[in-house]
Amino acid sequence: MPPDGPAKPNLDGMTTTHRARANTWFGALLAFVVFSACAVGIYYLSADARREIDALATANADSTQWALAQSEVELLALLSETLRSDLPEEQQIENVRRRFDVFYSRVKTMQESAVLAGLRQDDDARANLSDVSDRLDTIVPIIDGPDAALIAALPEITSQFDAMRPAVRDVSLIGVGYFSRVADAQRTRVADALLRLGLLTTLLVAALSVTALALVKSFRNATRDGLEKAEAQKRMALIVSTSLDAIIAVNLKGQVIEFNEAAEKIFGYARDEIIGQNMAEKIVPDKLHAAHETGMKRYIRTRERRVLGQGRVQLEAKHKSGRIFPVELSISSAEGPDGEIFVSYLRDISNRVVKEEELVKARDKAVAGEKAKADLVAVMSHEMRTPLNGIVGALELLKTTELNKTQANMTDVMGTSAEMLLHHVNAVLDMSRLEAGAAETIKRPFDPATVAQELLSSLKMSAQNRGNKLKLNVLDPDFNLVLGDPGKFRQILTNLVSNAIKFTSHGTINVEIEPHFAEEQWELRVSDDGIGISEEDQARVFDDFVTLDTSYTRAQEGSGLGLAIVRRLVKHLGGEIGVESETGAGSVFWVRLPTNVASETSRPQHQERLSPRIARIDQTRPKLSILLVEDNAINRVVAREMLARLGHSCIEAYNGAEAVKLAEIKPFDAILMDISMPDMDGVEATTLIKAGTGPNAQTPIFAVTAHAMPADVDRFRAAGMVDVLVKPIGLERLEDLLSLREQLDTLHDDAGPYWDKTHQRDLREVIGEEKWRELMKLFVEEMDAACETIFARGHRSDMESLRPDVHKLAGSASTLGASRLGVLLRRIEEQLDVNDHHAARELIGLVPECWTNTCSDEMRGQDAD
Ligand code: ADP
């Protein structure tokens, strides 16, 4: 069961899967990018927010504000120390100095601190600070000077310090305003960062939610798909297991991967036993192994399909027991999880095959039965004709005697009935001959117009009896030759014109003949102005046993077979027939026949043109001496003329008894024997000639008869006749029958060399020279003896008795390499097998010469050696 090409039932499915997979990957990638971007964004935004918060948290604005406020406090503390009177002077001075340093460093810090750089941007703040600083700088020498000077200057510097207070207050207030603005801006930034972070987080949460939703959906889908798949698998498993057909799946290595219950039943293997095994070894018959392997390899190599996907094929399969049985099989391929697999569906059709054989036998039997019936009908019709002819003849004679009126009437009725019966019998006989294909195909040159004219003349009386006129019209006067069967043409025309006469009264019947040269056809039309045929009846008038108007037809003696025979005759001649008609107006029956005349060469009036063929026959064929047995004088003349044209001589016998007598006296090369003859018919004469001891016991006898049903032919053969010549005798057929000599002549041309030297050399090597000589000596002795006895000219022993000797010598000749002699002897054997003693005798005549030549050729060969 070689797989031969993939059927791709799920090609679309596979594309969808790929697309789905690609979509999933794309989705995952997109989600990853989105999540990564969100994560990075969140990371940076949270870092930013943290920074801002940290900045807010670590903001020294409060301490700076505190430092600014403190500067005012410290100035007040310095001022109060300068104004103290409760302390000793040294103590006061020291306190003033300490307080001054604190205030001084505070002012310097405010001037230089980076934290207050923003504050210093303010012009008022900067001016106030520098004013205070300048004042302090003027006081520094006093502070750092001697105690006494300081004490002395205390009132002065106290007023200085007091004057600084508005400036210090201003700076402090500006600072508060400035720092509150800075804090506001910082809070706004934190809020922004947090907002951005919040937004991004919301986005991330949204994305996560969407992803989660998608995941849930996909999970649900996957679950549903999984369930559906499981369901489908369950269903598939059920289908596979309950299938009445064996289902076997194999992988590309040819191993069985599925084997259902039906397969178990059909092949006798249990599933577990065969899974994984090589399918071909188990179920493919040994004789198909090679083909299977080749098919498998070819498919893998070229993907070329032969059986695969080609529908059902009929093959043989092997059961576990080794029994071979017929199966119907179809294979398809599919994509399995592990690659391509082949699935075979097989059905054991042993019963069907047996039934088919029975049917064929029954049909053959039925056909044989039908044929036997048809033969019986034909034989019966044939047999009935002779007594009927006797009755008709006797009645004609009876009419010539003196009869009273009643007797004369009765004789007329009997005559009419007998003729009607004869007509029917002839019709049935014609039918069965045409049906059985036994009708002879004759091609003779003839002039249709002449045949038609003769026929119309003979039917003139019957036409006149019904008040009808007959007319013939040949549309092309030059058309006077066709090649065909004039007898059958006459039969067709007789039927059509007789019908026209029958179904027309006081009318005109026209027969027209028209050639259609372009189509190499000619047309015959028989028209009448009689009762006509309705349209629906026109289709069936050519069927068997169809008579339309029973009352009319009965009055007109119809059997309903006339047109059926005409249809068969026309078909037999390779033509067509049809009818056109109108009820009450008349009918036209037309027949188209092939002219079969491609050129002028076969015109009968140019007899010389036929002669080259005959001349050729005369030159190449030896003259035969023929005994012509025929009781009909016209037939005798025709046959004699034809034989003469073929270059043969003939002696005539007028009946069977005379033929037997002549055959006892003179040897003939062939006998042409008429069958129906008075006194002794052809069959009886043949039997006597064959059984006798005369010189013609082995002469081929040909039956010459007008009727050659298969049963007749068998009867002729049983009597010893070799073939049948159906009347009227045709030149060609006669030539074929008598062409035995030609066959013999060809033997000389193509029989090959006298000795097969290669074979001879091999044989000598195998059996050795001594044995070879011994055998050759024996063979030469046997052949010499045979040539003097059984192959001698004029030897007339019983041909049957020659068979063993001829067989033995033919075998020896072939074995020893005498090839041409071997061929000749084998041909004699063949002719003896088919009882063609005439041919055998002719061939035997060639043996002595062939043997002499064989011997001289061998001598020449030895001389050469
Ligand atoms: P039959 O032997 O009865 O004439 P045919 O087969 O020759 O049988 O004809 C069949 C039937 O066709 C006839 O019975 C007749 O009814 C009809 N038929 C044949 N020829 C003609 C015709 N020329 N005109 C009218 N009817 C015809």
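The shown structure was predicted, so the numbers you read here are calculated from the model rather than taken from an experiment.

Thresholds applied
Throughout this description, residue numbers start from 1 for each chain and increase along the sequence as written. It should be noted that, the model being predicted, local features are given only for residues of pLDDT at least 70 and side-chain atom pairs only at 80 or more, the latter also being counted only at that level, while totals for whole chains, interfaces and linings use all residues. Excluded from the side-chain calculations are hydrogens and water; all other atoms, namely the structure's heavy atoms, are used. When at least one non-hydrogen atom of a residue lies within 4 Å of a molecule or strand, that residue is treated as near it. Whenever two N or O atoms come within 3.5 Å, that pair is a polar contact, provided that in protein one can donate a hydrogen and the other can accept it, and provided that, for residues adjacent in sequence, both atoms are side-chain atoms. The protein chains shown are the only cover counted for residues, whose accessible areas, like all others here, come from Shrake-Rupley with a 1.4 Å probe. Helix and strand labels come from DSSP, where a helix needs a run of H or I of at least four residues and a strand needs a run of E of at least two; each type is numbered from the N terminus. Classes in brief: Ala, Val, Leu, Ile, Met, Phe, Trp, Tyr, Cys and Pro nonpolar; Asp, Glu, Lys and Arg charged; the others, Gly included, polar. Paired strands, as defined in this entry, are two strands with at least two bridges between them according to DSSP. Interaxial angle, 0 to 180 degrees, is taken between N-to-C directions of lines fitted to C-alpha atoms, where a helix line uses only the stretch in contact. Note on contacts: a residue pair is in contact if any heavy atoms of the two residues lie within 4.5 Å. Aromatic pairs are defined between Phe, Tyr and Trp rings, using the six-membered ring for Trp, whenever the two ring centres lie within 6.5 Å; interplanar angles under 30 degrees are classed as stacked, those over 60 as edge-to-face, and all others as tilted. Note on geometry: a ring has a charge over it if NZ (lysine) or CZ (arginine) is within 6 Å of the ring centre and within 35 degrees of the ring normal. Among buried residues, those of type Ala, Val, Leu, Ile, Met, Phe, Trp, Tyr and Cys that are joined through side-chain atoms within 4.5 Å constitute a nonpolar core. Exposure categories follow from relative accessible area, calculated using a 1.4 Å probe and restricted to protein chains: below 20% of the type maximum is buried, above 50% is exposed, and the middle band is partly exposed. By salt bridge we mean one thing: a side-chain nitrogen of Lys or Arg within 4 Å of a carboxyl oxygen of Asp or Glu. Each residue gets a pLDDT score, which is the predictor's confidence in that residue and runs from 0 to 100. Angle categories are assigned with fixed cut-offs, so that under 35 degrees is roughly parallel, over 145 is roughly antiparallel, 65 to 115 is roughly perpendicular, and the rest are oblique.

S.K.: Can you lay out the site of the ligand for me, pointing to particular residues and giving the numbers?
M.R.: Around the ligand there are 21 residues in total, and Asn499, Lys502, Asp528, Val546 and Leu563 lie nearest to it. Between the ligand and Asn499, the relevant distance is 2.7 Å, taken from an oxygen atom to a side-chain nitrogen or oxygen of the residue. In this structure, Lys502 approaches the ligand through a side-chain N or O atom, which is 2.8 Å from an oxygen atom. For the ligand, whose free accessible area comes to 530 Å², the fraction covered by protein is 98%. Sorting elements by how many residues they give to the shell around the ligand places helix 14 (residues 486-502) first, with three residues. Looking at the shell around the ligand residue by residue, the classes come out as ten nonpolar, nine polar and two charged.

S.K.: Could you give me a rundown of the sheet that holds strand 17 (residues 723-726), with the residues and numbers involved?
M.R.: Strand order across the open sheet formed by five strands is 14-13-15-16-17, with parallel pairing between neighbours. A strand with exactly one partner marks an edge of an open sheet, and here the two such strands are strand 14 (649-653) and strand 17. Each neighbouring strand pair of the sheet contributes to a mean axis angle of 25 degrees, computed without reference to strand direction. Note: strand 13 (residues 625-629) against strand 14, five bridges, orientation parallel. Bridging from a neighbouring strand, Ser625 pairs with Ser649 of strand 14. Lying on the sheet, helix 20 (residues 656-665) is in contact with strand 13, strand 14 and strand 15 (670-674); it crosses strand 14 at an angle near 130 degrees. Strand contacts of helix 21 (residues 682-691): strand 15 and strand 16 (701-705), with the helix running at about 150 degrees to strand 15, the strand carrying the most contacts.

S.K.: Explain the packing of aromatic side chains to me, using residue names and the numbers behind them.
M.R.: According to the stated counting rule, one finds eleven aromatic pairs in the structure shown. Relative to Tyr44, the ring of Tyr43 lies with its centre 5.4 Å away and its plane at 75 degrees, an arrangement referred to as edge-to-face. Residues Phe479 and Phe517 carry aromatic rings whose centres are separated by 6.0 Å and whose planes lie at 75 degrees to one another, so their mutual orientation is edge-to-face. Taken together, the residues Phe479 in the loop between strand 7 (469-474) and strand 8 (482-484) and Phe517 in the loop between strand 9 (508-516) and strand 10 (521-528) connect sequence positions 38 residues apart. Site record: aromatic cluster; members linked through ring pairs are Phe479, Phe489, Phe517 and Trp522. Geometry around Trp590 places Arg592 over its ring, the cationic atom sitting 4.1 Å from the centre.

S.K.: Give me the lowdown on the pairing of strand 5 (residues 339-348), citing residues and values where you can.
M.R.: Bridge analysis of strand 1 (residues 246-251) against strand 5 gives six bridges, and the strand direction is antiparallel. Note on strand 5: the bridge partner recorded for Val250 is Phe342. As judged from the ten bridges shared by strand 4 (residues 324-336) and strand 5, these two strands associate in the antiparallel manner. Bridged to Ser333 within strand 5 is Phe342. Connecting the antiparallel pair strand 4 and strand 5 is a turn made up of two residues.

S.K.: So, the nonpolar core: which residues are in play, and what are the values?
M.R.: Counting residues in each nonpolar core, the largest one holds 41 residues, and the members touching the most others are Ile492, Leu493, Leu496, Val497, Leu524 and Val526. For this core, the secondary-structure elements that each account for two or more residues are helix 12 (405-435), helix 13 (448-465), helix 14, strand 9, strand 10, helix 17 (562-572), strand 11 (576-582) and strand 12 (586-594). Looking at this core, the element that brings in the most residues is helix 14, giving seven residues. Excluding anything up to four places from it in sequence, Leu493 contacts Ala452, Leu455, Ser498, Val511, Leu524 and Val526. Counting residues in each nonpolar core, the second largest holds 31 residues, with Ala786, Met799, Leu821 and Leu832 among its members.

S.K.: How would you sum up the pattern of salt bridges? Please name residues and give values.
M.R.: Applying the stated criterion across every chain, the model contains 42 salt bridges. Between Lys320 and Glu273 there is a salt bridge, with the nearest N and O atoms lying 2.8 Å from each other. One end of the pair, Lys320, is in the loop between strand 3 (313-318) and strand 4; the other, Glu273, is in helix 8 (residues 271-274), with 47 residues separating them in the sequence. Its salt-bridge partner being Arg525, residue Glu523 comes within 2.5 Å of it at the nearest N-O pair.

S.K.: Describe the confidence of the model for the protein chain, with residues and values.
M.R.: Taken residue by residue, the protein chain gives an average pLDDT of 81. The fraction at 70 or more is 87%. In this model, residues 2-16 is a region of pLDDT below 50 whose contacts with residues beyond four sequence positions or in other chains number 43 contacts.

S.K.: Residue-level account of the packing of helix 25 (residues 757-767) against helix 27 (residues 799-816), with values.
M.R.: Put simply, helix 25 and helix 27 touch, their axes get as near as 8 Å, and they point 85 degrees apart. The angle between helix 25 and helix 27 falls in the class roughly perpendicular. Residues His759, Gln760 and Leu763 of helix 25 form the contact with helix 27, whose own contacting residues are Ser814, Thr815 and Leu816. Each residue belonging to the contact of helix 25 with helix 27 can be placed in one class, and the counts come to two nonpolar, four polar and no charged.

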